[in-house]
Each structure stands twice: as C-alpha cells, then as structure tokens.
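# Tertiary structure, described
Chain residues, written in single-letter form:
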Amino acid sequence: AQKITQTQPGMFVQEKEAVTLDCTYDTSDPSYGLFWYKQPSSGEMIFLIYQGSYDQQNATEGRYSLNFQKARKSANLVISASQLGDSAMYFCATFNTNAGKSTFGDGTTLTVKP
Amino acid sequence: DTEVTQTPKHLVMGMTNKKSLKCEQHMGHRAMYWYKQKAKKPPELMFVYSYEKLSINESVPSRFSPECPNSSLLNLHLHALQPEDSALYLCASSPGVAWVYEQYFGPGTRLTVT
C-alpha cells in the first residue's frame, strides 16, 4: 500500500522568503518516485519537481528544491524567494499506475503575503 | 510541448443527459488517465489507459464510460449522472505507467450535475 501524508493544511509566507512544505510517505515498493504538483485556483495541476528513490542528490528545479530524506521517508518541497504567484494548493504524490496506484497527499494551501 | 488540452472547460448537465468530455495530448505519451477531484481534495484516479487499452478501472460506476480512440485522444462519456458526480475532471498523460514518469495534467472540466 502507498500513503502520502501532508500535515500542513495551510501555510503563510512573506513574499521573497523561503518556505518548506512537508511530505512524508509510506510505500512497500522497492523503487518509487515522489512528485510535487502546484494547483492554482484555476484548477490545472502543474508538475514542479521529481525525486527518484535511487537518486543520490536532492532534486532542484529553479526556485524549487526537494529535501529528500529516505531513512525518514520524507520529501519536503522548498520554495525559495516566494512570489505572489506561488499562492496555490501543493500536492505531494507518488505513482505506480502500472499497478493501479496513484496516490496524492491531502495538499497544503500556500498563501504568499505581500 | 507539454500540453494536455481538455474540452469543455465547464459543463452543466441534467441527470438524464448524455455528454462527453474530451482530452488530447500530442507529446507521444502512451498512457492517459482520468481523475475526479472534489473541492479542496486530492485527485482520485478513475481510469488508466496504457497503449490505448484500458488497464485500470478503479471501481468507477458504469455511468462513466471511457474511450481511447487513438494514442492522442481520450474521452469520458457521461450518462445518467448524479449530483454527487459534480467535480473537476482532470485528464493526464505520461510517457508510460512506470513509477518514474511524471504525469502532465490538462486544465480540467468543471462538471455540475443538476
């Protein structure tokens, strides 16, 4: 079974500051990937960043980085230099749709304050 | 081009109507998905098509009928829906169904059943 836990229903951050969104996971799969998505109020799910279970280094994509701690089963998203446009719902997810698994956390609503 | 398109953007239908949602991708992806998302909840996987064949049907009621006419198109036929089926319906695609692949989502169709 797969489970993703996001313990922060809502987060606030000041514009230009960094923020960390938490994600812990539980999976019995020996290999897995962890994904972060952003969903603005418009509804579209936007892929942000990916971390594979075998990756030795933490993933980075522009202002997004992933703090991956395999032993703790955590994959936290770090957004640096927050912008007003970062205000959205953020989901952590893992997929193994070959086995019928597509698991999302409950999401964190991030609000960036000017 | 990482675009998945969906039509219509909004749909209002009565419980006796028949309608279809359409999804298209031109990224050469071989897997396509339908998700249902209620407000402030994570997406729930409904169907998985892999190489144009239905591979996963997550116990979805028969009033939802998916169709994959070719590798670029995915339809969701709706018939005799219930008010509780009102939700955002998201289409997604990925290069394959293995755990390493990110899914690219369309903007969604907001469905209201009256």
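Throughout what follows, the structure given in this document is the object of discussion. Everything numeric in this text was worked out from a predicted model, so none of it was measured.

## Regarding the overall build of chain A
Along its length, chain A carries zero helices and twelve strands. Taken against the 2.2 N^0.38 rule, which gives 13 Å for 114 residues, the C-alpha radius of gyration of chain A at 14 Å falls within 12% of a compact globule. Its C-alpha atoms put chain A at 45 × 30 × 20 Å along the principal axes. Split into buried and exposed, the 114 residues of chain A put 50% on the buried side. Split by element, the accessible area of chain A, about 5300 Å² in all, is 48% carbon and sulfur.

## Here we look at the state of the cysteines
Each disulfide consists of a covalent bond between the sulfur atoms of two cysteine residues. Considering all chains together, one arrives at two disulfides over all chains under this definition. Covalent S-S linkage joins Cys23 of chain A and Cys92 of chain A, the inter-sulfur distance amounting to 2.0 Å. Measuring the twist about the S-S bond at about -60 degrees, one finds the Cys23 of chain A-Cys92 of chain A disulfide to be left-handed. One end of the pair, Cys23 of chain A, is in the loop between β3 (19-21) and β4 (24-27); the other, Cys92 of chain A, is in strand β10 (residues 88-96), with 69 residues separating them in the sequence. On the accessibility criterion, Cys23 of chain A (0% relative accessible area) is buried. With a sulfur-sulfur separation of 1.8 Å, Cys23 of chain B is cross-linked through a disulfide to Cys91 of chain B. Torsion about the S-S bond of the Cys23 of chain B and Cys91 of chain B cystine: about -70 degrees, corresponding to left-handed handedness.

## As for the sheet that holds strand β7 (residues 64-70) of chain B
Residue and element names in this part refer to chain B. Within the open sheet, the four strands sit side by side as β1-β3-β8-β7. Their pairing is antiparallel. Looking at the sheet topology across the chains shown, the edges are occupied by β1 (4-7) and β7. Going across the sheet, the axis of each strand differs from the next one's by a mean of 20 degrees, ignoring polarity. Bridge count between β7 and strand β8 (residues 73-79): five bridges; the pairing is antiparallel. Following the sheet pairing, Pro66 is matched in β8 by Leu76.

So, how was this worked out
Along each chain, numbering runs from 1 in the same order as the chain's sequence is written. The order in which chains are written sets their letters, starting at A; the order in which ligands are written sets their numbers, starting at 1. Per-residue local features are limited, in this predicted model, to residues with pLDDT of at least 70; the limit for side-chain atom pairs, both in listing and counting, is 80 or more; totals at the level of whole chains, interfaces and linings are taken over all residues. Just so you know, side-chain values use all the structure's heavy atoms and leave hydrogens and water out. Only DSSP runs of H or I with at least four residues qualify as helices, and only runs of E with at least two residues qualify as strands; both kinds are numbered from the N terminus onward. Using C-alpha atoms as the atom set, the radius of gyration is obtained and then compared with a globule rule of 2.2 Å times the number of residues to the power 0.38. Only protein chains enter the accessibility calculation, which uses a 1.4 Å probe; a residue whose area is less than 20% of its type maximum is buried, one above 50% is exposed, and one in between is partly exposed. Where accessible areas are quoted, they stem from the Shrake-Rupley method and a 1.4 Å probe; at the residue level, only the protein chains shown are allowed to cover. Cysteine sulfur atoms that come within 2.5 Å of each other are treated as a disulfide pair. Between any two strands, pairing holds if DSSP finds at least two bridges. Fitted lines through C-alpha atoms serve as axes, helices being fitted only where they are in contact, and the angles separating the N-to-C directions of these axes extend from 0 to 180 degrees.

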